[in-house]
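Residue-level structural notes
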Amino acid sequence: MTDTNANGSQAGRTGLVIRIPEAEPAVHAWRERFDPSARAGVPAHVTVVFPFLDGSRVEGRVHRDLADVLGGHHSFDVRFERCGRFPGVLYLAPEPDAPLRRLTEAMTERWPEAPPYGGAFTEVVPHLTVADGQDDAVLDEIEAALRAELPFTARVSSVDLMVHDGAKWQLRSTFGLLESPRSDPE
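Figured I'd write up the structure that's included with this text.

The rules we used
Residues numbered from 1 in each chain as written. Predicted model: local features only at pLDDT ≥ 70, side-chain atom pairs only at ≥ 80, totals over all residues. Heavy atoms only, no water. Phe/Tyr/Trp six-rings, centres within 6.5 Å; stacked < 30°, edge-to-face > 60°. Helix = DSSP H or I, 4+ residues; strand = E, 2+ residues; numbered from the N terminus. Buried < 20%, exposed > 50% of the residue type's maximum accessible area, 1.4 Å probe, protein only. Axes fitted to C-alpha atoms, helices over the stretch in contact; angles between N-to-C directions. Left-handed = near helix turned anticlockwise from the far one by under 90°. Contact = heavy atoms within 4.5 Å.

This next bit is on the packing of aromatic side chains. Evaluated as defined, the whole model comprises six aromatic pairs. Taking 5.1 Å as the distance between ring centres and 20° as the angle between the ring planes, the aromatic pair formed by Phe 80 and Phe 152 counts as stacked. Of this pair, Phe 80 sits in strand S3 (residues 76–86) while Phe 152 sits in strand S6 (residues 152–156), and the two are 72 residues apart along the sequence. Comparing Phe 80 with Phe 152, the two get one shared label, buried.

Time to look at unusual backbone geometry. Of note, the bond from Phe 50 into Pro 51 is cis; its omega dihedral lies within 30 degrees of zero at -15°. Note on placement: Pro 51 falls in the loop between strand S2 (45–49) and helix H3 (60–71). The residue after Glu 95, namely Pro 96, is reached through a cis peptide bond having omega -5°. Among the secondary structure elements, Pro 96 is positioned in the loop between strand S4 (89–95) and helix H4 (98–110). Here Tyr 117, not a glycine, exhibits a phi torsion of approximately 55°, which is positive. As for its position among the elements, Tyr 117 is in the loop between H4 and strand S5 (128–132). According to the relative accessible area criterion, Tyr 117 is buried, its value standing at 16%.

Here we take up the packing of H3 against H4. Two numbers describe how H3 lies on H4: the axes approach to 11 Å, and their chain directions differ by 145°. In this structure, H3 crosses over H4, and the sense of that crossing is right-handed. Between H3, through Arg 61, Asp 65, Leu 66, Val 69 and Leu 70, and H4, the contact on the second element is made entirely by Leu 103, Ala 106, Met 107 and Arg 110.

Structural measurements only, silent on function.
Pasting the structure below:
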């Protein structure tokens, strides 16, 4: 959930994310220093949709629909073994990324009024942001250090609804995916 104004986000802004606690040992210190969303309370994650609907809308029927749509997807494993970059951004690339893309597509199909990143990008690339708004020298340093921490595998079994309370991001709800056997990601 990369938000260039993560600390000043408006109350009620929401996002759907997949927490990746397995990443924390490798990325926590870097994210605290170089990712504003971490300092605003967002854990290591891969974004499904940000921004999502206003928090006041995510009750009742929308909450039930989220549970239904997400509950129709199976849990899966992803592997993080390489870094990638956008301008000023260093991220970990989940593989395979197709199940993550399918989750985003399902949300966009159900809620077309909430396109990922406000529709700013023609292609949404699943990623776990480590550093945002940094120059290449800083990103090079972080990437070199991260190589010793890779690879690792994470189990994706739920999607979290995060809401900004005006000061920090807070977990509002967790939506489970259908359980499926563990398998090594390809």
